[in-house]
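# Summary of structural features
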Amino acid sequence: MARFVNSSDFKDKLEVSTGVYSNNKIQDYIDRYEDIFLVELLGVELYNQFIADLDTNNVPQTAKFTKLFEPFNEQ
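Being a predicted model, the structure only gives us computed values, none of them experimental.

What follows deals with the overall build of the protein chain. When its secondary structure is counted, the protein chain shows 3 helices and 0 strands. Each helix (α) and strand (β) of the protein chain, taken in turn from the N terminus, gives the series α-α-α. Split into buried and exposed, the 75 residues of the protein chain put 19% on the buried side. Partitioning the intrachain contacts of the protein chain with sequence separation of at least 6 by distance along the chain shows that 39% fall at a separation of at least 24. Split by element, the accessible area of the protein chain, about 6,200 Å² in all, is 54% carbon and sulfur.

Encoded structure:
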């Protein structure tokens with residue numbers, strides 16, 4: 001299962017409560033919902049193509065998926 005988001009992505013960028021939402025709980029949430037959100041965003045067929053296009057470092061190889069993978073900078 002590919003992982004694109006992890007708890008360290010939130011360090012120094014967003015304030016996250018250290019009470020109930022420990023680092024382990026945040027990572028558990030990411031692990032549970034990342035694939036679900038990607039399927040909802042891309043649809044099943046495009047999601048499967050996207051996952052199949054990843055190299056061993058979870059980086060897409062084709063231009064259409066690279067554009068999707070890179071941060072959005074346009075409105």
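On to the packing of aromatic side chains, then. Following the criterion strictly, the structure yields 3 aromatic pairs and no others. Ring geometry for tyrosine 29 against tyrosine 33: centres 4.7 Å apart, planes inclined by 45°, an arrangement best described as tilted. Of the two residues, tyrosine 29 and tyrosine 33 both sit in helix α1 (residues 23-42), 4 residues apart, roughly one turn of that helix. Owing to a relative accessible area of 45%, tyrosine 29 belongs among the partly exposed residues under this scheme.

A few words on the nonpolar core. Counting 6 residues, the largest nonpolar core consists of Leu38, Leu42, Tyr47, Phe50, Leu54 and Phe65. Contributing elements (two or more residues each) for this core: α1 and α2 (44-52). Leave out the neighbours within four places in its chain, and leucine 42 touches Tyr47, Phe50 and Leu68.

A separate point is unusual backbone geometry. Of note, asparagine 58 is a non-glycine position whose phi angle comes to about 60°, a positive value. Take asparagine 58: it is sitting in the loop between α2 and α3 (63-69). The exposure class assigned to asparagine 58 is partly exposed, which follows from its relative accessible area of 24%.

When pLDDT is averaged across the protein chain, the result is 78; 72% of the residues are at 70 or more. Highest mean pLDDT in the protein chain belongs to α2 (94); lowest belongs to α1 (84).

A few words on the environment of aspartate 53. Looking at where aspartate 53 falls in the secondary structure, it is placed in the loop between α2 and α3. A relative accessible area of 14% means that aspartate 53 is categorised as buried. When neighbours within four sequence positions are excluded, aspartate 53 is seen to be in contact with Val59, Pro60, Gln61, Thr62 and Phe65.

Rules behind the numbers
Residues numbered from 1 in each chain as written. Predicted model: local features only at pLDDT ≥ 70, side-chain atom pairs only at ≥ 80, totals over all residues. Heavy atoms only, no water. Helix = DSSP H or I, 4+ residues; strand = E, 2+ residues; numbered from the N terminus. Buried < 20%, exposed > 50% of the residue type's maximum accessible area, 1.4 Å probe, protein only. Contact = heavy atoms within 4.5 Å. Areas by Shrake-Rupley, 256 points an atom, 1.4 Å probe, with all protein chains shown as cover. Phe/Tyr/Trp six-rings, centres within 6.5 Å; stacked < 30°, edge-to-face > 60°. Core = buried A, V, L, I, M, F, W, Y, C linked by side-chain atoms within 4.5 Å. pLDDT = per-residue confidence, 0-100.

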